[in-house]
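# Topology and contacts: notes
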Amino acid sequence: MIDIHSHILPGVDDGSKNMEESLQIARRMVESGVEQVVATPHYFPHDYHLTPAEVRDRTAILQREIVAAGLELKVWPGAEIYISRDLGRKASNKQLPTLNNSRYILLEFGFENFPPYGNDVLYDLKVLGLTPIISHPERYLFLRKKDVLLEEWLAEGALIQINSGSLLGFYGKRAQERARFYVKNDLVQLMGSDVHRGDRDRGTLKKGLEALEKQRIGRDENFMENARKVIADEIIIP
Ligand SMILES: [Fe+2]
């Protein structure tokens, strides 16, 4: 399995606090069948924002520690980028880490509101040849009144990623119901764990995929095949 959304990189954001915790996350991943993971630390305009080179270097350090601990887990560099008006400019200046340096850029929004310039930013990124992946829309409150945005994003070439924990109810009933609705309506292409902690299980990828099967929603094979394509920088057709 390939997890394209994780806060496994130590000491960057609100995810793993130190290398010990990162190795704990890595161990849990390996135990649940994850073979590859993309480190996607938060990228906020005024808070933490590692450059692509910094993410690459820190990922290499983590990778060495994982190997030294005897774990078989490949870690790729990435980021989860918070929307801001100037993302197009930053992307054209090569300041934004993408998922394993591919065309795929993981984006997150504020929970309450979608900014008025949001679709312009998606367009700016598209013009640069990048494909935005919108992370965990099932958790956004603003989408609960405006589902149509999801279809607009897909029509504009963006992709949708849900959290495995959402299907398991870890973010509440409403997020669970939304995640199931999106999957059922073929609006989702990718699943990630969005893991933050080593000692708390918010729902591994494996459990999320099992939930899909149990709840008879299906399509898990596409999620993992699409994750492989993200890392390999291959085209995904929604
Ligand atoms: Fe995240």
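This write-up is about the structure you can find in this document.

So, about the packing of aromatic side chains. Within this structure, the stated rule accounts for 11 aromatic pairs. For the ring pair F109 and Y140, a centre distance of 5.7 Å and an interplane angle of 40° mean the geometry is tilted. Here Y140 lies in the loop between β7 (131-135) and α5 (148-155) and F109 lies in the loop between β6 (104-108) and α4 (118-127), a separation of 31 residues in the sequence. Comparing F109 with Y140, the two get one shared label, buried. An aromatic cluster is present here, built from F109, F111, F114, Y140, F142 and W153 joined pairwise through their rings. Its end group placed over the ring of W76, K74 keeps NZ or CZ at 4.9 Å from the ring centre. The ring of F181 has R178 sitting right over it, with the charged end atom 4.5 Å from the ring centre.

This brings us to the coordination of the iron ion. Taken together, the protein donors to the iron ion comprise H5 (NE2), H7 (NE2), E80 (OE) and D194 (OD), at separations of 2.1 to 2.2 Å. Coordination at the iron ion is irregular, judged from the four donor atoms that bind it and the angles of 83 to 174° they form at the metal. Between consecutive donor residues of the iron ion, the sequence gaps follow H-x1-H-x72-E-x113-D. Pair noted here: H7 is in the loop between β1 (2-6) and α1 (19-31) and D194 is in the loop between β9 (190-192) and α8 (205-214), with a separation of 187 residues, a long-range link. On the accessibility criterion, D194 (6% relative accessible area) is buried.

Turning next to α1. With 13 residues, α1 extends 18 Å between its outermost C-alpha atoms, agreeing within 8% with the 18 Å of an ideal straight helix rising 1.5 Å per residue. Taken residue by residue, α1 has E21, S22, L23, I25, A26 and M29 as its buried positions. On its buried face, α1 sits against β1, β2 (36-39) and α2 (52-68). Just downstream of α1 lies G33, where phi reads positive at about 100°.

Let us look at the packing of α1 against α2. Between α1 and α2, the least distance of the axes is 10 Å, while the angle of their chain directions is 65°. Pair α1 / α2 crosses with right-handed handedness. Two secondary-structure elements touch here, α1 through M19, S22, L23 and A26 and α2 through I61, L62, E65 and I66.

Before going further, it helps to examine α4. Taken residue by residue, α4 has G118, V121, L122 and L125 as its buried positions. Along the axis of α4, the buried residues cluster in a sector spanning 100°; they form a single face. Close packing links the buried residues of α4 with α3 (87-92), β6, β7 and α5. Following α4 by one or two positions, G129 adopts a phi angle in the positive range, close to 90°.

Only one face of strand β4 (residues 74-77) is covered, namely the face carrying V75 and P77; the face carrying K74 and W76 is uncovered. Of the strand pairs in this sheet, β2 and β4 are connected by four bridges, and their pairing is parallel. The residue of β4 that forms the bridge with V37 is V75.

As a further point, take the pairing of β7. The buried count for β7 comes to five of five residues, which makes it a mostly enclosed element. As paired strands, β6 and β7 are joined by four bridges and run parallel to one another. Along β7, the bridge assignment pairs L106 with I133. Since β6 and β7 lie parallel, the crossover through α4 that links them has a hand, and here it is right-handed. Bridge count between β7 and strand β8 (residues 159-163): three bridges; the pairing is parallel. Of the residues in β8, the one forming a bridge with S135 is Q161.

Reading across from one edge, β3-β5-β6-β7-β8-β9 is the order of the six strands in this open sheet, with parallel pairing throughout. Both outer strands of the open sheet, β3 (42-43) and β9, are each paired with one neighbouring strand and no more.

The next subject is unusual backbone geometry. A positive phi angle, near 50°, is found at N100, a position not held by glycine. Judged by relative accessible area, N100 falls into the buried class, the value being 17%. Positive phi, close to 55°, is recorded for D194, a residue that is not glycine.

About the thresholds
Residues numbered from 1 in each chain as written. Predicted model: local features only at pLDDT ≥ 70, side-chain atom pairs only at ≥ 80, totals over all residues. Heavy atoms only, no water. Phe/Tyr/Trp six-rings, centres within 6.5 Å; stacked < 30°, edge-to-face > 60°. Helix = DSSP H or I, 4+ residues; strand = E, 2+ residues; numbered from the N terminus. Buried < 20%, exposed > 50% of the residue type's maximum accessible area, 1.4 Å probe, protein only. Lys NZ or Arg CZ within 6 Å of the ring centre and 35° of its normal. Donors = N, O, S within 2.8 Å, 3.2 Å for Na, K, Ca; no water. Tetrahedral: all angles 85-135°; square planar, octahedral: opposite > 155°, others 65-115°. Expected span 1.5 Å × (residues − 1). Contact = heavy atoms within 4.5 Å. Axes fitted to C-alpha atoms, helices over the stretch in contact; angles between N-to-C directions. Left-handed = near helix turned anticlockwise from the far one by under 90°. Arc of directions from axis to C-beta. Pairing = 2+ DSSP bridges. Right-handed = clockwise from strand over helix to strand, strands pointing away.

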